[in-house]
Amino acid sequence: MKMDLNAIIEKMETGDQDAALTALQTYNKEKSQCFLFTPGEEEDRERLGELVLGFLERDLQPSCQLACLETIRILSRDKKSLAPFATRHAMQILIRHAGLGQGEGVTPEIPDLEVIVEALKCLCNIVFILIRHAGLGQGEGVTPEIPDLEVIVEALKCLCNIVFNSDAAQEAGAELQLIVGLAERLKQCREPQWNHEVRFFDLRLTFLITALRVDVRAQLARELRGVSLLSEALDATLGLCWPDMYEVARAGFDGCSELPLLGRQETERAMEILKILFNVTFDSNRRKVDEEEAATYRHLGAILRHCIMSTSEGEERTEEMHSHTVNLLGNLPLPCLDVLLMPKVQQGSIEYMGVNMDAVMVLLEFMEKRLGRGNKLKETLLPSLNLLTESARIHRETRKFLRMKVLPPLRDVKNRPEVGNALRNKIVRLMTHIDTDVKHCAAEFLFVLCKESVSRFIKYTGYGNAAGLLAARGLMRGGRDPGHYSEDEDSDTEEYREAKPHINPVTGRVEEEQPNPMEGMTEEQKEYEAMKLVNMFDKLSREQVIQPMKIGADGKMTSLEPQELRFLARQQFGESNNSDSDSDTN
């Protein structure tokens, strides 16, 4: 039976619990899948919200509590009708029903066991009554009770909607120390009384409030020791054991080369934890960490290695979990990434220089898969590309392994470096991408694999593709950036050695000899054509169409004035009059 909104409000205004329950259940069933609301009814929806909150302050039967919270969850989808729920008082009510009461003014409820018995008899399995204690501990003299998980979950959903949609609600949540209550329940990650839904929406709410409030994020990270707390929650979620200090295995599957699929619920919770950890570690790779912090991050890194090596039910879900893992690995202090290489080499492992490269290979394959899609590269590709770049920069074995996979010894010198389907070709193509961040990251990755050697970098990419990075680094004249790299040899293939004298360094390939366009011209004609070209450049420069550039003494690009261009042209032809031929040392 469909009920008019005003009729529901009238039923609520009577104050009768049974009438209110019937009206709300009808409304909730009708609007369960409603996400777009009728314009012009905002005031009526706000009035309904106020009445429902008033009911939640009363001593209600669990079924009526649940109906009220379901109504708030539906109403909170409408950003224009959030006013009743974004107040400090409303937040206190919702936090209490979610079992997260920490703020001032939140009073513990005394459980009514007789109500639970009556609910069992009359309301078909709605058998629990929500009990609240400040700090989620058992109050002195209060008998422990089984919480009404269904009510808690519904309250958490309401909080998630309201916190996401309302700045005022976020402010109230911070003032009420919502994060402290969430952290307390996170500490109970191994306790059996909390089901998947409670744990999941605890995590979802923690993610939202840490993403939206910098102060809450900092409080969780420092005061509440968020990295250790969430690492423990991730450990419990994945069901891990520790054969060695920084070596992780799934409990019951230690030594197995293939892990069983991670369950859907465990994957969902793990991804929420990874997202929260990303929030609280956002600046950790940009600051120095002490010995204790480094040990904490290495412990987390070992768990993340297990995440990247794990698979879930369905390829999309696995890739999503790997994506969150890669994002978080990029936040870890660089020296702590050595845990990716720490596990012992086992049968079936990828070994290189005596090191287990399984995790690095998975990261490379993940990056190549993202690269192959070609869309939203900045969001999807750069985290994995940056992670591989920094890992290669700091770990010699990782760099040499990646170089073997990405930049194998050159054999194809007939095609441009950007032409082809090899991984090198795909990354070189990105070096001229329209997005500046994408092209810089692609160039930086290959530059690091080349040990920041300009000559080697040009060899694999061509001078034209390399020019952007070289100009930015002040390396247009060649040389090498200072770096901590070993002196391993760059062995050339026989094909490359034979073709090397004929390779055009700009395009990076062997090109057919082209006829000299100036053949048969006198020196005066050559100079005339050169000055004609200079005048064209001058005109374009004055009209601000182009800006001629030159390489300065510091190796960086600087503007070239028209008089300098004329001088260089005349100097070139002055020298050619005194020389029979030009020598090409390239």
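Parameters at a glance
- Residues numbered from 1 in each chain as written.
- Predicted model: local features only at pLDDT ≥ 70, side-chain atom pairs only at ≥ 80, totals over all residues.
- Heavy atoms only, no water.
- Helix = DSSP H or I, 4+ residues; strand = E, 2+ residues; numbered from the N terminus.
- Buried < 20%, exposed > 50% of the residue type's maximum accessible area, 1.4 Å probe, protein only.
- Contact = heavy atoms within 4.5 Å.
- Patch = residues over 30% accessible without salt bridge, like charges linked within 9 Å, V, L, I, M, F, W, Y side chains within 5 Å.
- Areas by Shrake-Rupley, 256 points an atom, 1.4 Å probe, with all protein chains shown as cover.
- Salt bridge = Lys/Arg side-chain N within 4 Å of Asp/Glu carboxyl O.
- Axes fitted to C-alpha atoms, helices over the stretch in contact; angles between N-to-C directions.
- Parallel < 35°, antiparallel > 145°, perpendicular 65-115°, else oblique.
- Left-handed = near helix turned anticlockwise from the far one by under 90°.
- Nonpolar A, V, L, I, M, F, W, Y, C, P; charged D, E, K, R; others polar.
- Core = buried A, V, L, I, M, F, W, Y, C linked by side-chain atoms within 4.5 Å.
- pLDDT = per-residue confidence, 0-100.
- Pairing = 2+ DSSP bridges.
- 1 Å grid on protein atoms, 1.4 Å probe; cavity = no way out; pocket = protein on both sides within 12 Å on 5 of 7 lines; lining within 4 Å.
- Points joined across faces, edges and corners; volume = space filled by probe spheres on them.
- Disulfide = S-S within 2.5 Å.
- Phe/Tyr/Trp six-rings, centres within 6.5 Å; stacked < 30°, edge-to-face > 60°.
- Lys NZ or Arg CZ within 6 Å of the ring centre and 35° of its normal.

## Side note on the overall build of the protein
Across its full length, the protein carries 26 helices and eight strands. Here the protein holds 586 residues, and 49% of them are scored as buried. Counting only contacts in the protein whose residues sit at least 6 apart along the sequence, the fraction spanning at least 24 positions is 71%.

## Concerning a nonpolar patch on the surface
A contiguous nonpolar patch, built from L533, M536, F537, L540, V545 and I546 and spanning about 500 Å² of accessible area, is present on the exposed surface. Of the residues examined, M536 reaches a relative accessible area of 48% and is grouped as partly exposed.

## Some remarks on the environment of S166
Considering the arrangement of structural elements, one finds S166 in the loop between α7 (149-165) and α8 (167-175). Its relative accessible area of 7% is what places S166 among the buried residues. In this structure the C-alpha to C-alpha distance between S166 and F85, which are 81 residues apart in sequence, comes to 9.0 Å.

## Considerations on the pattern of salt bridges
Between side chains of opposite charge, a pair can form when the charged atoms approach closely. In the structure shown here, the tally under the stated rule is 32 salt bridges. With its nearest N and O atoms 3.0 Å apart, the salt bridge here joins R45 to D78. Highlighted residues: R45 in helix α3 (residues 42-56) and D78 in the loop between α4 (62-75) and α5 (88-97), separated in sequence by 33 residues. Each member of the pair, R45 together with D78, is buried. One continuous salt-bridge network, built from bridges that share partners, spans E390, R393, E444, E452 and R473.

## Quick notes on the packing of helix α14 (residues 291-309) against helix α15 (residues 315-329)
In contact at an axis separation of 9 Å, α14 and α15 are set at 150 degrees when each is read in the N-to-C sense. On the basis of their axis angle, the class for α14 and α15 is roughly antiparallel. Viewed along their axes, α14 and α15 form a crossing whose handedness is left-handed. Contacts from L300, L304, C307 and I308 of α14 reach α15 at M321, H322, T325, V326, L328 and L329. Here the contact of α14 with α15 is built from residues that sort into eight nonpolar, two polar and no charged.

## Thoughts on the nonpolar core
If you look at the biggest cluster of nonpolar residues, it comprises 150 residues, and the most contacted ones within it are L48, F445 and F457. Ranked by residues supplied to this core, first place goes to α7 with 11 residues. Sequence-distant contacts of F457, that is, excluding residues within four places in its chain, are made with M431, A443, L446, F447, C450, G462, A466, L469 and L470.

## Brief notes about the confidence of the model for the protein
On average, the protein scores 80 in pLDDT, and the residues at 70 or more come to 80%. Ranking the helices and strands of the protein by mean pLDDT puts helix α13 (residues 264-280) first, with 96, and helix α6 (residues 113-122) last, with 25. Contacts from residues 103-144, a stretch scored under 50 in pLDDT, to residues over four places away or in other chains number 80 contacts. Below a pLDDT of 50 lies the segment residues 580-586, which in the model reaches one contact outside its immediate sequence neighbourhood of four places, other chains included.

## Description of the packing of α7 against α8
Across the interface, α7 lies against α8 with an axial gap of 5 Å and an inter-helix angle of 115 degrees. Within the contact between the two elements, α7 uses I162, V163, F164 and N165 and α8 uses D167, A169 and Q170. For the contact of α7 with α8, the per-class residue count stands at four nonpolar, two polar and one charged.

## Some details on unusual backbone geometry
Despite not being glycine, K451 shows a phi value in the positive range, around 55 degrees. One can find K451 in the loop between α21 (436-449) and α22 (454-461). Looking at K451, the relative accessible area reads 1%, which means it is buried. Here E452, not a glycine, exhibits a phi torsion of approximately 60 degrees, which is positive. The topology assignment puts E452 in the loop between α21 and α22.

## Some remarks on the pairing of strand β1 (residues 240-244)
As paired elements, β1 and strand β2 (residues 247-250) share three bridges and run antiparallel to each other. When the bridges of β2 are listed, D244 appears paired with E247. Here β1 folds back onto β2 in antiparallel fashion, the turn holding two residues.

## Thoughts on empty space enclosed by the protein
Here the structure, examined in full by the defined rule, presents two cavities of 30 Å³ or more. Of the voids in this model, the second largest cavity is the one considered here, and its volume is about 30 Å³. Along the walls of the second largest cavity sit L337, L340, L341, V360, S391, H395 and T398, which together make up its complete lining. Classifying every residue of the lining of the second largest cavity gives four nonpolar, three polar and no charged.

## As for the state of the cysteines
Here a disulfide denotes a covalent bond joining the sulfur atom of one cysteine to the sulfur atom of another. For the structure on display, the rule yields zero disulfides. Free of any disulfide, C160 has its nearest cysteine sulfur in C158, 9.2 Å distant. When its relative accessible area of 7% is taken as the criterion, C160 is described as buried.

## Digging into helix α19 (residues 396-406)
Within the sequence span of α19, burial applies to T398, R399, K400, F401, L402, R403 and V406. Against the buried residues of α19 lie β3 (351-352), α16 (358-373), α18 (382-394), α20 (423-430), α21 and α22.

## Structural notes on the packing of aromatic side chains
Per the stated rule, a full pass over the model turns up four aromatic pairs. Note on F278 and F282: the rings are 5.9 Å apart at their centroids and 70 degrees apart in plane angle, and the pair reads as edge-to-face. Note on F278: relative accessible area 26%, which makes it partly exposed. Here R58 stacks its cationic end above the ring of F55, 4.5 Å away from the centre of that ring. The lysine or arginine in question, K275, covers the ring of F207, its NZ or CZ lying 4.6 Å from the ring centre.

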